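The chain contents come next:
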Amino acid sequence: MYIGLDLGTSGLKGILIDDAQRVLAEATAPLTVSRPAAGWSEQAPADWTLAAETVLGELAAYGLGAVRGIGLSGHMHGATLLDASDKVLRPCILWNDTRAHAEAAALDADPRFRAITGNIVFPGFTAPKLVWVARHEPEVFAKVAKVLLPKDYLRLWLTGEHAGEMSDAAGTSWLDTGARGWSSDLLDATGMTLSQMPRLVEGSEVSGILRADIAGRFGMPAGVVVAGGGGDNAASGIGVGVVKAGQAFVSLGTSGVLFAANDGYQPDPATAVHTFCHALPGTWHQMGVILAATDALNWFARLAGTAAAGLTADLGALQGPGSTRFLPYLGGERTPLNDAAVRGAFIGLDHATDQQAATRAVLEGVTFAIADCRDALAATGTRIDSLLAVGGGSRSDYWLAAIATALDTPVSVPVAGDFGGAFGAARLGMMAATGAGAELATPPEIARMIEPVTALVPAFAEGHARYRAARDAIRALV
């Protein structure tokens, strides 16, 4: 058996699989986010370990005597600061915390950061947070002996090891992403040292051995290995079998992600595409990220006073984009705009715009934002040969037909099941324990294929062009 632990912002999920990758048991424990000031977002690392205790306790009811490996996944970019005795110095500053926006802009103005990391320095990344702490909490900064990413704090609790892995480390602004190692130059530029960083392993490698007391408490044998694991999206890529160039998935969750695997390193920071290491050796991945996907539909559902599922249930066959356009920038946008100030809009409203027309406009707006991500990925040389849909929005065939048509690419929908970060983490735990590799990361069974509506491909291309024109006009007004 193998365990995957996925540390999310709102909860920790655990999954238990057997050697045929069948899910035997799963458990979750909720987590809360603290927002002590505007733009701040924090969690107490002690809550993560309590959640892990709860999840492992529930999984133990199944019987964990055959467990051989554990994999870890988690939300990226968080700054977990420890002193020399591994005491947590302050709450973890999370990925969606924007307090370090000025520090991020200053680091991004240093050309070394984009050149070495292959990415823009976004405010949510780890390095600018440490610069912020140095300026605003110098007494804390002076005591920092180690900086760990959130899932790697769980690893410390599980194994006693200060270790991290490449996919998560790529989101810190300290990693030489092409060379897959910490950059002394970038650490020095932020007042940090190599000794404050965890050692790095690949996601499918052994990072440590489960502590005997934890193994005994939950009925696991001695010698259980803990894999390097992966950042949440990289682990999800392992979970859905997106591990080779040409493979991609679109995630329609609260935010939207277009994730593509790459065999080589091909960054282009100006596109606002994330270019990170994948969770397997010698592979990388790229992501276009939009900040409101199902979040945009849920927003409109609240405005319309109905449920989101009801809005999309009776749309019928796919139609070409109408005159009403929607820009889904409810809280800024990441790819390709890198603009925290831009805001959304409805354009082209008229007397004929009813609830169905407005719903279609919202779905089309998110679809065109994903098409923007596709174009940004293509600008770096990344190709998408196959596309798999996951997340809550993938339950809408109308939406998937719009995406397939706008991208002129068939979209596969897996059978019901969880192929996300926890499942990918369990697969990485299996790789570490058995010495296997990418061959374990097979695609899920496909329930159905959504083909592009060929007759509407030109209309969606024209609609995307009108969307981009509206996008550029709105940005000029902010």
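Calculation rules
Residues numbered from 1 in each chain as written. Predicted model: local features only at pLDDT ≥ 70, side-chain atom pairs only at ≥ 80, totals over all residues. Heavy atoms only, no water. Helix = DSSP H or I, 4+ residues; strand = E, 2+ residues; numbered from the N terminus. Rg over C-alpha atoms; globule rule 2.2 N^0.38 Å. Buried < 20%, exposed > 50% of the residue type's maximum accessible area, 1.4 Å probe, protein only. Contact = heavy atoms within 4.5 Å. Areas by Shrake-Rupley, 256 points an atom, 1.4 Å probe, with all protein chains shown as cover. Lys, Arg positive; Asp, Glu negative; His and termini not counted. Charge placed at Lys NZ, Arg CZ, Asp CG, Glu CD. Pairing = 2+ DSSP bridges. Axes fitted to C-alpha atoms, helices over the stretch in contact; angles between N-to-C directions. Parallel < 35°, antiparallel > 145°, perpendicular 65-115°, else oblique. Nonpolar A, V, L, I, M, F, W, Y, C, P; charged D, E, K, R; others polar. Expected span 1.5 Å × (residues − 1). Polar contact = N/O pair within 3.5 Å; in protein donor to acceptor, adjacent residues only side chain to side chain. 1 Å grid on protein atoms, 1.4 Å probe; cavity = no way out; pocket = protein on both sides within 12 Å on 5 of 7 lines; lining within 4 Å. Points joined across faces, edges and corners; volume = space filled by probe spheres on them. Phe/Tyr/Trp six-rings, centres within 6.5 Å; stacked < 30°, edge-to-face > 60°. Core = buried A, V, L, I, M, F, W, Y, C linked by side-chain atoms within 4.5 Å.

1. Observations concerning the overall build of the protein
Move 1: Assigned secondary structure in the protein consists of 16 helices and 24 strands.
Move 2: Relative to a compact globule of 478 residues, whose C-alpha radius of gyration would be 23 Å, the protein shows 22 Å and is just as compact.
Move 3: Along the first, second and third principal axes, the C-alpha set of the protein runs to 65 × 50 × 40 Å.
Move 4: For the protein, the residues scored as buried account for 59% of the 478 residues in total.
Move 5: Long-range pairs, those at least 24 residues apart, make up 73% of the contacts in the protein with a sequence separation of at least 6.
Move 6: Accessible surface, the protein as shown: approximately 17100 Å² in total, 54% of it carbon and sulfur.
Move 7: Here the protein carries 34 positive and 47 negative side-chain charges, and the mean point of each set is 2 Å from the other.

2. Remarks on the pairing of strand E18 (residues 274-277)
Regular strands have side chains that alternate between both faces of the sheet.
Move 1: The pairing of E18 with strand E19 (residues 284-290) spans four bridges and is classified as antiparallel. Across the sheet, residue Cys277 finds its bridge partner in E19, namely Trp284.

3. What to know about the sheet that holds strand E16 (residues 246-252)
Within a beta sheet, neighbouring strands are joined by backbone hydrogen bonds and run either parallel or antiparallel to one another.
Move 1: Pairing is mixed in the open sheet, where seven strands are placed in the order E18-E19-E17-E16-E22-E23-E24. For this open sheet the edge positions go to E18 and strand E24 (446-450), each flanked by a neighbour on one side alone. Between one strand axis and the next, the sheet turns by 25° as a mean value, whatever way the strands run.
Move 2: Sitting on the sheet, helix H10 (residues 232-239) is in contact with E16, strand E17 (256-262) and E19, with an inclination near 65° to E17.
Move 3: Here helix H13 (residues 355-379) sits on the sheet in contact with E16, E17, E19 and strand E22 (384-390), set at roughly 150° to E19.

4. Thoughts on the packing of H10 against helix H15 (residues 421-434)
Move 1: Interaxial distance between H10 and H15 falls to 7 Å at its minimum, and their mutual angle equals 75°. It follows that H10 is roughly perpendicular to H15 by the angle criterion. In contact with Asp232, Ala235, Ser236, Ile238 and Gly239 of H10, H15 contributes Gly421, Phe423, Gly424, Ala425, Arg427, Leu428 and Met431.
Move 2: In the contact of H10 with H15, the residues fall into six nonpolar, four polar and two charged.

5. As for H13
Move 1: End to end, H13 covers 36 Å across 25 residues, agreeing with the expected 36 Å (1.5 Å per residue, within 8%).
Move 2: The element H13 is largely enclosed, with a buried count of 19 among its 25 residues.
Move 3: Its side-chain oxygen 3.3 Å from the backbone nitrogen of Gln356, Asp354 forms the N-cap of H13.
Move 4: At the exit of H13 stands Gly381, carrying a positive phi of roughly 100°.

6. Notes on the environment of Ala307
Move 1: Residue placement: Ala307 occurs in the loop between helix H11 (294-304) and helix H12 (308-313).
Move 2: Relative accessible area serves as the criterion here: at 47%, Ala307 is assigned to the partly exposed category.

7. Structural notes on the side chain of Arg471
Move 1: Note on placement: Arg471 falls in helix H16 (residues 457-477).
Move 2: There is a polar contact of 2.9 Å between the side chain of Arg471 and the side chain of Asp372.
Move 3: Those residues in contact with Arg471, other than ones at most four positions away along the chain, are Leu327, Tyr329, Pro336, Leu337 and Asp372.

8. Concerning the layout of surface pockets
Move 1: Size it by volume and the second largest pocket reaches roughly 180 Å³.
Move 2: Taken together, Thr294, Leu297, Asn298, Ala308, Ala309, Thr312, Gly392, Gly393, Arg395, Ser396 and Trp399 make up the full set of residues lining the second largest pocket.
Move 3: Among the residues making up the lining of the second largest pocket, the classes are represented as four nonpolar, six polar and one charged.

9. Some words on the packing of aromatic side chains
Move 1: Following the criterion strictly, the structure yields 13 aromatic pairs and no others.
Move 2: Aromatic side chains Trp299 and Phe326 sit 5.9 Å apart centroid to centroid with 20° between the ring planes, which places their arrangement in the stacked category. Here the residue Trp299 occupies a position in helix H11, and Phe326 occupies one in strand E20 (residues 325-327), the gap between them amounting to 27 residues.
Move 3: Its relative accessible area of 2% is what places Phe326 among the buried residues.

10. Let's talk about the nonpolar core
Move 1: If you look at the biggest cluster of nonpolar residues, it comprises 66 residues, and the most contacted ones within it are Leu81, Leu130, Val147, Trp174, Met192 and Ile238.
Move 2: No other element matches the seven residues that H15 contributes to this core.
Move 3: Leu252, Ile290, Tyr329 and Ala401 belong to the second largest nonpolar core, which has 54 residues in total.

11. Re H15
Move 1: Here H15 spans 20 Å end to end across 14 residues, near enough to the 20 Å set by a 1.5 Å rise per residue.
Move 2: Judged by how many residues are buried, H15 sits mostly within the fold: 12 of 14 residues are covered.
Move 3: Looking only at H15, the buried set comprises Gly421, Ala422, Phe423, Gly424, Ala425, Ala426, Arg427, Leu428, Gly429, Met430, Met431 and Ala432.
Move 4: Remark: Gly435 follows H15 within two positions and exhibits a positive phi of approximately 85°.

12. Describing the side chain of Glu137
Move 1: Among the secondary structure elements, Glu137 is positioned in the loop between helix H4 (126-136) and helix H5 (138-141).
Move 2: What makes Glu137 buried here is its relative accessible area of 15%.
Move 3: Not counting the four nearest positions on each side in its chain, Glu137 is found in contact with Arg90 and Trp132.

13. Brief notes about empty space enclosed by the protein
Where empty space is left in the structure can be found by rolling a water-sized probe over the atoms.
Move 1: As enumerated under the stated definition, the model contains two cavities of 30 Å³ or more in all.
Move 2: The wall of the largest cavity is formed by 14 residues, among which Val147, Leu149, Thr172, Trp182 and Pro198 lie closest to the centre.
Move 3: Going through the elements one at a time, strand E8 (146-148) and strand E9 (163-165) are the ones with two or more residues in the lining of the largest cavity.
Move 4: In terms of residue class, the lining of the largest cavity is made up of nine nonpolar, three polar and two charged.
Move 5: Here the second largest cavity defines a volume of roughly 30 Å³.
Move 6: Every residue along the wall of the second largest cavity is listed here: Thr324, Arg325, Phe326, Ala361, Glu364, Gly365, Phe368 and Tyr467.
Move 7: Mapped onto the lining of the second largest cavity, the elements with two or more residues apiece are E20 and H13.
Move 8: In terms of residue count, H13 provides more of the lining of the second largest cavity than any other element does, four residues in total.
Move 9: Taken together, the residues of the lining of the second largest cavity break down into four nonpolar, two polar and two charged.

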